[in-house]
Amino acid sequence: MPRIKICCMANPDEADIAASAGADMLGLVGPMPSGAGIIDIAMAREISQAVPAWVTPVLLTQGDTVEAIAADIAETGVRAVQLVRHVAPEVHHKLAERLPWVRRIQVVHIETDQSLDHVAMYEDLIDAFLLDSGRPSQAELGGTGRVHDWSISAEFVRRTRVPVFLAGGLSADNVAEAITTVRPFGVDICSGVRTEDR
């Protein structure tokens, strides 16, 4: 069974609903230039402290320096962080030295098959990949609700030994097909389980 990560938690009540429904991980979207579910760092900390012990809160950060990412981690108290920018590999090296207990998920935005180059760039440095549909060149770092080219994602999964989460426009209508096509370690859903925009 794929792991389930529900993203865009707004408050502890939502997090409790998602945890009760069987989510393995909960995404807390820190300050971003765009996207769904953005909360401030104080709320991210409140949610991370309230979730049951068996659920992993994951902070999404747009930080691209060790200092910025480490500050977000310290302020929220999470033990897992999702880097939504394509950061320099040395950032992961330094984070591993500075915060070895924090699991790092590197987002790769699937725009073209050149996204496959990120396998070699990151896989020895991280705990997991997350494939999403953002366009960093246009300040889109996720939460778009768009499906990307799953054939590229499937090839990405084949090329790496690191766990891969699949995100981007997933819903009850297409998640089974996505899992069959891509064979990810887990799925990440935000807009596909929401009943209203925020």
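For the structure, see preceding data.
Attention here is on the structure that accompanies the text. Values in this document were obtained by computation on a predicted structure and should not be read as measured data.

**Remarks on the pairing of strand 2 (residues 25-29)**
Burial within strand 2 is extensive, with five of its five residues counted as buried. A two-sided burial pattern is seen for strand 2, the buried positions comprising Met-25, Gly-27 and Val-29 on one face and Leu-26 and Leu-28 on the other. Pairing geometry for strand 1 (residues 3-6) and strand 2, over two bridges, is parallel. Across the sheet, the residue bridging to Lys-5 is Met-25, located in strand 2. Considered for its hand, the β-α-β crossover made up of strand 1, helix 1 (residues 12-20) and strand 2 is right-handed. Relative to strand 3 (residues 56-61), strand 2 is paired through five bridges, and the arrangement is parallel. Across the sheet, the residue bridging to Met-25 is Thr-56, located in strand 3.

**Considerations on helix 2 (residues 41-50)**
Taken together, the buried positions of helix 2 are occupied by Ile-41, Ala-44, Ile-47 and Ser-48. Down the axis of helix 2, the buried side of the element spans an arc of 120°, and every buried residue falls inside it. Those residues of helix 2 that are exposed and angled more than 90 degrees off the buried face are Ala-42 and Gln-49. Where helix 2 is buried, its residues contact helix 1, strand 2, strand 3 and helix 3 (66-76).

**Thoughts on the state of the cysteines**
Applying the stated criterion to the full structure yields one disulfide. A disulfide bridge connects Cys-8 with Cys-190, and the sulfur atoms are separated by 1.9 Å. Its S-S torsion of approximately -115° makes the covalent link between Cys-8 and Cys-190 left-handed. Here Cys-8, found in the loop between strand 1 and helix 1, pairs with Cys-190, found in the segment after strand 8 (186-189); they are 182 residues apart in sequence, far enough to count as distant. Looking at Cys-8, the relative accessible area reads 2%, which means it is buried. Free of any disulfide, Cys-7 has its nearest neighbouring cysteine sulfur in Cys-8, separated by 4.3 Å. Looking at Cys-7, the relative accessible area reads 4%, which means it is buried.

**A short note on the environment of Leu-116**
Relative to the assigned elements, Leu-116 resides in the loop between strand 5 (103-109) and helix 5 (117-122). Among residues more than four places away in sequence, those in contact with Leu-116 are Ile-152, Glu-155, Phe-156 and Arg-159.

**What about the environment of Ile-189?**
The topology assignment puts Ile-189 in strand 8. Taking relative accessible area as the criterion, Ile-189 reaches 10% and is therefore assigned buried. Taking the C-alpha atoms as reference, Ile-189 lies 5.9 Å from Cys-7; in sequence the two are 182 residues apart.

**Details of the packing of helix 6 (residues 150-159) against helix 7 (residues 175-182)**
Put simply, helix 6 and helix 7 touch, their axes get as near as 8 Å, and they point 45° apart. Here helix 7 runs oblique to helix 6, going by the angle between their axes. The residues of helix 7 that touch helix 6, namely those facing Trp-150, Ser-153, Ala-154 and Val-157, are Glu-177, Ala-178, Thr-181 and Val-182. Split by residue class, the contact of helix 6 with helix 7 holds five nonpolar, two polar and one charged.

**Structural notes on the pattern of salt bridges**
Two side chains carrying opposite charge are able to pair once their charged atoms lie near each other. Enumeration over the complete set of coordinates arrives at five salt bridges. With a shortest N-O distance of 2.4 Å, Lys-5 and Asp-188 are connected by a salt bridge. Separated by 183 residues along the polypeptide, Lys-5 in strand 1 and Asp-188 in strand 8 bring together distant segments of the chain. Given the relative accessible area of 0%, Lys-5 is considered buried.

**Topic: the pairing of strand 5**
The buried fraction of strand 5 is high, at six of seven residues. With four bridges connecting them, strand 4 (residues 80-83) and strand 5 associate as parallel partners. Directly across from Leu-83, in strand 5, lies its bridge partner Gln-106. You can see the chain leave strand 5, run along helix 5 and come back into strand 6 (residues 128-132), and the turn it takes is right-handed.

The rules behind these values
Residues numbered from 1 in each chain as written. Predicted model: local features only at pLDDT ≥ 70, side-chain atom pairs only at ≥ 80, totals over all residues. Heavy atoms only, no water. Buried < 20%, exposed > 50% of the residue type's maximum accessible area, 1.4 Å probe, protein only. Helix = DSSP H or I, 4+ residues; strand = E, 2+ residues; numbered from the N terminus. Pairing = 2+ DSSP bridges. Right-handed = clockwise from strand over helix to strand, strands pointing away. Arc of directions from axis to C-beta. Contact = heavy atoms within 4.5 Å. Disulfide = S-S within 2.5 Å. Axes fitted to C-alpha atoms, helices over the stretch in contact; angles between N-to-C directions. Parallel < 35°, antiparallel > 145°, perpendicular 65-115°, else oblique. Nonpolar A, V, L, I, M, F, W, Y, C, P; charged D, E, K, R; others polar. Salt bridge = Lys/Arg side-chain N within 4 Å of Asp/Glu carboxyl O.

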